Amino acid sequence: MDNGASSYRRFLDGDEGGIVEIIRDYKDGLILYLNGFVQNIYTAEDLMEDTFVRLVAKKPKFSARYSFKTWLYTIGRNVAIDYLRHNTKMIPVSYEDLQRIESEEEGLEISYLKEEQKIMLHRAMGKLNSDYQQVLYLSFFEDFDNGQIAAVMKKSKRQVENLIYRAKMSLRSELDKEGFCHEGL
């Protein structure tokens, strides 16, 4: 049982410290993952909060079929999809706000990723389509295996394998444009 599952079980048994541990351990990665859907760090933060509110308010049952992190990211993905479904209008943003958002987003990226190569990889991934971004993010940054990715994205393992292959090819192409060495991909 991983730490998230044990913390969640403690929370369900009445220990409020369990949910605090879950939020502390998973909020940053969840924000970056959700930002891939909405392309706005503030909205991603709100969606992250909505994900945790859903845990606290509804207390959904966690089955050990997948890891806790996979289960949590699946809930986050569903929250993001619901948000996108209900908020299709684009809200105009001033140039100053865009600059501020971009600088804050970069600060979060740098603190979370910490290595220059991962930052370049993350930026190149931002140029890919949404499915490619999701599958690569879950694989590279969250260390999910194909089964976990399939569960989060609601696809079969075979579809995930094909998606990872196509996403890597597309990412290589983007990295080649930037002159980035991608030996490990």
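In this text the structure is predicted, and so the values were computed from the model without any measurement. (Residues numbered from 1 in each chain as written. Predicted model: local features only at pLDDT ≥ 70, side-chain atom pairs only at ≥ 80, totals over all residues. Heavy atoms only, no water.)

## Thoughts on the overall build of the protein
Piece 1. Check the secondary structure of the protein and you find 9 helices and 0 strands.
Piece 2. Expressed as a percentage of the 185 residues in the protein, the buried residues total 42%. (Helix = DSSP H or I, 4+ residues; strand = E, 2+ residues; numbered from the N terminus. Buried < 20%, exposed > 50% of the residue type's maximum accessible area, 1.4 Å probe, protein only.)

## Observations regarding the packing of aromatic side chains
Each aromatic ring pair is described using two quantities: the centre-to-centre distance and the angle formed by the ring planes.
Piece 1. This structure, assessed with the given rule, holds 12 aromatic pairs.
Piece 2. Where Tyr 33 meets Tyr 73, the ring centres are 5.3 Å apart and the plane angle is 40°; that geometry is what we call tilted. In this pair, Tyr 33 sits in helix H2 (residues 17-38) while Tyr 73 sits in helix H4 (residues 68-86), placing the two residues 40 residues apart along the sequence. By the burial criterion, Tyr 33 is buried, and Tyr 73 matches it.
Piece 3. Measuring from centroid to centroid gives 5.4 Å for Phe 68 and Trp 71, while their planes differ by 50°, and the two rings are tilted. A residue pair is termed a helical-turn pair when its members lie 3 or 4 positions apart in one helix, as Phe 68 and Trp 71 do in helix H4 at 3 residues.
Piece 4. Assessed through its relative accessible area of 0%, Phe 68 is described here as buried. (Phe/Tyr/Trp six-rings, centres within 6.5 Å; stacked < 30°, edge-to-face > 60°.)

## Let's talk about the packing of H2 against helix H7 (residues 130-141)
Piece 1. Contact pair H2 / H7: the axes reach a minimum separation of 9 Å and the direction vectors enclose 165°. Between H2 and H7, the interaxial angle falls into the category roughly antiparallel. Every pair of crossing elements has a handedness; the one defined by H2 and H7 is right-handed. Of the residues in H7, those touching H2 at Gly 29, Leu 32, Tyr 33, Gly 36 and Phe 37 are Gln 133, Gln 134, Tyr 137 and Leu 138.
Piece 2. Residue classes in the contact of H2 with H7 are distributed as 5 nonpolar, 4 polar and no charged. (Axes fitted to C-alpha atoms, helices over the stretch in contact; angles between N-to-C directions. Parallel < 35°, antiparallel > 145°, perpendicular 65-115°, else oblique. Left-handed = near helix turned anticlockwise from the far one by under 90°. Contact = heavy atoms within 4.5 Å. Nonpolar A, V, L, I, M, F, W, Y, C, P; charged D, E, K, R; others polar.)

## So, the packing of helix H3 (residues 41-58) against H4
Piece 1. Taken N-terminus to C-terminus, the directions of H3 and H4 make an angle of 120°; their axes are 9 Å apart at the nearest point. What the angle tells us is that H3 and H4 run oblique. For the pair H3 and H4, the crossing hand works out as right-handed. Contact with H3, carried on its side by Thr 43, Leu 47, Asp 50, Thr 51, Phe 52, Arg 54 and Leu 55, involves Trp 71, Leu 72, Ile 75, Gly 76, Asn 78, Val 79, Ala 80, Asp 82 and Tyr 83 of H4 and no other residues of that element.
Piece 2. Residue composition of the contact of H3 with H4, grouped by class: 9 nonpolar, 4 polar and 3 charged.

## Looking at unusual backbone geometry
Piece 1. Of note, Asp 143 is a non-glycine position whose phi angle comes to about 55°, a positive value.
Piece 2. Tracing the backbone through its elements, the reader meets Asp 143 in the loop between H7 and helix H8 (146-153).
Piece 3. Given a relative accessible area of 63%, Asp 143 falls into the exposed group.
Piece 4. Its identity is not glycine, yet Lys 154 carries a phi of approximately 55°, on the positive side.
Piece 5. Within the element layout of this structure, Lys 154 appears in the loop between H8 and helix H9 (157-178).
Piece 6. On the basis of relative accessibility, which here comes to 55%, the residue Lys 154 falls in the exposed class.

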